[in-house]
Amino acid sequence: VRRPLESIVFDKASFSYEGSTEKAINEVDLEIQAGEFVGVVGSSGAGKSTLVDLLVDLYRPTLGSISMNGITSEEAHADSWRSMFSMVSQNDLVLHDTVRNNMLFAKEDATDEQIIRAAKLARAHDFICQLDEGYDTKLGDLGFKLSGGQLQRIAMARAILRDTPVLIFDEATSALDSITEQEIVDQLERFRRGKTVISIAHRLSTLKKADRIFVLQQGRVFEEGTHQELLDKGGIYSYMWVAQTQIE
């Protein structure tokens, strides 16, 4: 894998979990260009998280391939491949240590200025400053001193601090209220310049500015386009959008 990133390509990639006869990912063809903001949506079990797990090399495709800059995950050294990604998931690990050391877990030589900048982008700085000892506050076992939303914002700040070419959000804002979520999305608009962002999102409103959105169903890409293009198609995405906006 060469830096900087040029492209990510799924070439008829398929994957089945051990012991299963069903394909969690089924002949997926897609290409992501460097600097794109890409959304991935679909119902539960559609294959969204599996797609990302394959991308970051937690699993290898059963058939087909995934490549970056023309080099497949099979050919690349695992550490080199994974160094291209920062990932924020629903259940990120928070260490039983200070806020600062939790951040430094992503980048050991980060300065205080870099840590604070990342925290501000993740909308975490203000609540961190209100903790008893600020950035030197110990979070407790599994971060029990913080709310789910606060933990997610620290995890996001840590990913931002790692400063990799590709930033992946796997339902990363699920514990946030819609206002805070939108604030983070707006902040990331500034941060993501020159970076590739892949967002698995439940709230479709966070993908309005995405360059492209892939709609997965039964492990396949059923639709692809911008938010408006997919609404105009009147297909799966449009149905999901209408269902969400009616609930809200």
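Structure: above.
Residues numbered from 1 in each chain as written. Predicted model: local features only at pLDDT ≥ 70, side-chain atom pairs only at ≥ 80, totals over all residues. Heavy atoms only, no water.

1. So, empty space enclosed by the protein
Take a probe with the size of a water molecule and roll it over the atoms, and the empty space left behind shows itself.
And then number 1: Going through the model one piece at a time under the given rule, you end up with one cavity of 30 Å³ or more.
And then number 2: Of the volumes computed, that of the largest cavity is approximately 50 Å³.
And then number 3: Phe-10, Leu-30, Ile-32, Val-38, Val-40, Leu-51, Val-52, Leu-55, Ile-198 and Phe-214 are the residues that line the largest cavity.
And then number 4: By residue class, the composition of the lining of the largest cavity is ten nonpolar, no polar and no charged. (1 Å grid on protein atoms, 1.4 Å probe; cavity = no way out; pocket = protein on both sides within 12 Å on 5 of 7 lines; lining within 4 Å. Points joined across faces, edges and corners; volume = space filled by probe spheres on them. Nonpolar A, V, L, I, M, F, W, Y, C, P; charged D, E, K, R; others polar.)

2. Topic: helix α4 (residues 112-121)
And then number 1: Within α4 the residues assigned to the buried category are Ile-115, Ala-118, Ala-119 and Leu-121. Down the axis, α4 shows its buried residues gathered within 160 degrees of arc, on one side only.
And then number 2: At the C-terminal side of α4, Arg-123 shows a positive phi close to 55 degrees. (Buried < 20%, exposed > 50% of the residue type's maximum accessible area, 1.4 Å probe, protein only. Helix = DSSP H or I, 4+ residues; strand = E, 2+ residues; numbered from the N terminus. Arc of directions from axis to C-beta.)

3. Points about the environment of Phe-105
And then number 1: Summarising the element assignment, Phe-105 is placed in the loop between α3 (99-104) and α4.
And then number 2: Sequence separation between Phe-105 and Ala-159 is 54 residues; the distance between their C-alpha atoms is 9.9 Å.
And then number 3: With residues near it in sequence (within four places) discarded, Phe-105 still touches Leu-95 and Arg-158. (Contact = heavy atoms within 4.5 Å.)

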